[in-house]
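Observations on chain architecture
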Amino acid sequence: MQKILRITILFLLVQQLFSACGEEEIELELKGSTTRLVVDGLVTTDTMAHKVRLSLSGDYFHNQSLPGVSGAQVSLSDGLASIDLQELAEEPGTYTTPSNYYGKPDHWYTLRISGVDAAGIDPHEIFEAQSFIAPLVTPDSIAMEYDRFWELWKILLYCQDPAEVENYYLFHTYLNEKLITDRYAKVSIIDDEFFNGNYANGVWIADLDTREEDQRPKAGDVIKVACYMIDHNYFKFIEAAQIETTPRAPLFSGAPANVPGNISNGALGIFSAASVSRISTVFEP
């Protein structure tokens, strides 16, 4: 009887404690982060109008698209000549090269940005980044192999990796000219740590997930892979972006962080230059 009485008293005390707490409204004052320039630019060996996008950073909880930065001076140099990029009237904050511009392998490219007129950024500040275009590596072929456990078609690469050079590969996948790898999370990146200087004999570089309706190939479909030879900075940028955009267990992961880039003077983002080749195969199940 005394045991039941003690339990009853304990229950009443706990109930009183929670009743006393009630529902109190708590207001948190979260300080906004310092505004920083964000750069996103890529120059390749393709002949085309290459784009550099300038925007401003925003607070983590400010779930809106970042505003473009207009009126800046943006130039690109290959070590021999420099050109000024022109801002697109229909895309404020996007600057492009002429449509006949192309990057050259074995050249260093320097992006220079000045005259950024935005609150919190010194208009006299100069932002720069450099990237080297590695020699082009052309794959011999690609092949398809089905994995029943993962329910996907593996894309296997066959090519000779150059010796005595650290190479970093990025792969974009197309199914009948439709880009499948349209987000950082879907892009495939690998280095040549395990086949440096050797023949890549069927290395798994990408895949088509048959659980996704738009990734189910049919007989006669064309699978194309664009192979980019990227630099180490871009490799680490994509790697970090994939980590930050992949769901993680809250108890075993750190807080979200800015992805490391290569822009000087505290700006965020990345500028990279890369050689690119393409190879395709016709799907035969």
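Residues numbered from 1 in each chain as written. Predicted model: local features only at pLDDT ≥ 70, side-chain atom pairs only at ≥ 80, totals over all residues. Heavy atoms only, no water.

**Re the overall build of the chain**
- A count of helices and strands for the chain gives 2 helices and 16 strands.
- Buried residues in the chain amount to 39% of all 285 residues.
- Pairs at least 24 residues apart make up 66% of the contacts formed inside the chain by residues separated by at least 6 positions.
- Put simply, the chain shows about 17,600 Å² of open surface, and 54% of that area lies on carbon and sulfur atoms. (Helix = DSSP H or I, 4+ residues; strand = E, 2+ residues; numbered from the N terminus. Buried < 20%, exposed > 50% of the residue type's maximum accessible area, 1.4 Å probe, protein only. Contact = heavy atoms within 4.5 Å. Areas by Shrake-Rupley, 256 points an atom, 1.4 Å probe, with all protein chains shown as cover.)

**Details of the packing of aromatic side chains**
- In the structure shown here, the tally under the stated rule is 9 aromatic pairs.
- Look at Tyr146 and Trp153: their rings are 5.1 Å apart centre to centre, the planes differ by 55°, and that puts the pair in the tilted class.
- For Tyr146, a relative accessible area of 33% puts it in the partly exposed group.
- When the ring of Tyr234 is compared with that of Phe237, the centres are 6.4 Å apart and the planes differ by 20°; the resulting orientation is stacked. With Tyr234 and Phe237 both in helix 2 (residues 232-244), this residue pair falls 3 residues apart, about one helical turn. Judged on exposure class, the residue Tyr234 and its partner Phe237 are both buried. (Phe/Tyr/Trp six-rings, centres within 6.5 Å; stacked < 30°, edge-to-face > 60°.)

**A few points about the confidence of the model for the chain**
- Overall, the prediction assigns the chain a mean pLDDT of 86, with 82% of residues at 70 or greater.
- Confidence drops under a pLDDT of 50 for residues 1-31, and excluding neighbours within four residues, the segment shows 1 contact in the predicted structure. (pLDDT = per-residue confidence, 0-100.)

**Structural notes on helix 2**
- Taking 1.5 Å per residue as the helical rise, helix 2 with its 13 residues ought to reach 18 Å, and the 18 Å between its terminal C-alpha atoms agrees with that figure.
- The set of residues buried in helix 2 consists of Tyr234, Phe235, Phe237, Ile238, Ala240, Ala241 and Gln242.
- Taken together, the buried residues of helix 2 touch strand 1 (37-44), strand 11 (168-175), strand 13 (188-191), strand 15 (222-230) and strand 16 (268-282). (Expected span 1.5 Å × (residues − 1).)

**Structural notes on the pairing of strand 11**
- Of all the 8 residues making up strand 11, 8 are buried; the element is thus mostly covered by neighbouring parts of the structure.
- The alternating pattern of strand 11 places Tyr168, Leu170, His172 and Tyr174 and Tyr169, Phe171, Thr173 and Leu175 on opposite faces, both of which are buried.
- For strand 11 and strand 13, the ladder comprises 4 bridges, and the chain directions are antiparallel. Its bridge partner lying in strand 13, Tyr168 is registered against Asp191. (Pairing = 2+ DSSP bridges.)

**A closer look at the nonpolar core**
- Ranked by internal contacts, the top residues of the largest apolar core, which has 26 residues, are Leu37, Leu54, Ile113 and Val116.
- Elements supplying a minimum of two residues to this core: strand 1, strand 2 (51-56), strand 3 (73-77), strand 7 (108-114), strand 8 (127-132) and strand 16.
- Residue contacts for Leu54: discarding those within four places in its chain leaves Leu37, Val38, Val39, Pro67, Gly68, Val69, Ala72, Val74, Gly93, Tyr95 and Ile113.
- One finds Val137, Tyr169, Leu175 and Ile205 within the second-largest nonpolar core, a separate group that totals 23 residues. (Core = buried A, V, L, I, M, F, W, Y, C linked by side-chain atoms within 4.5 Å.)

**What about the sheet that holds strand 3?**
- Read across the sheet, 4 strands follow the order 4-3-7-8 without closing on themselves; strand pairing throughout is antiparallel. With partners counted over all chains shown, the strands left at the sheet margins are strand 4 (82-84) and strand 8, one partner each. Here the average twist between neighbouring strands, direction ignored, is 20°.
- Where strand 7 lies against strand 8, 6 bridges are found, and the strand directions are antiparallel. The partner of Tyr109 across the bridge, within strand 8, is Ser131. (Axes fitted to C-alpha atoms, helices over the stretch in contact; angles between N-to-C directions.)

**Thoughts on unusual backbone geometry**
- Non-glycine residue Glu164 carries a positive phi angle of around 60°.
- Summarising the element assignment, Glu164 is placed in the loop between strand 10 (152-160) and strand 11.
- Positive phi values are uncommon outside glycine, yet Asn265 reaches one of about 55°.
- Residue placement: Asn265 occurs in the loop between helix 2 and strand 16.
- Asn265 sits in the partly exposed class, given a relative accessible area of 48%.

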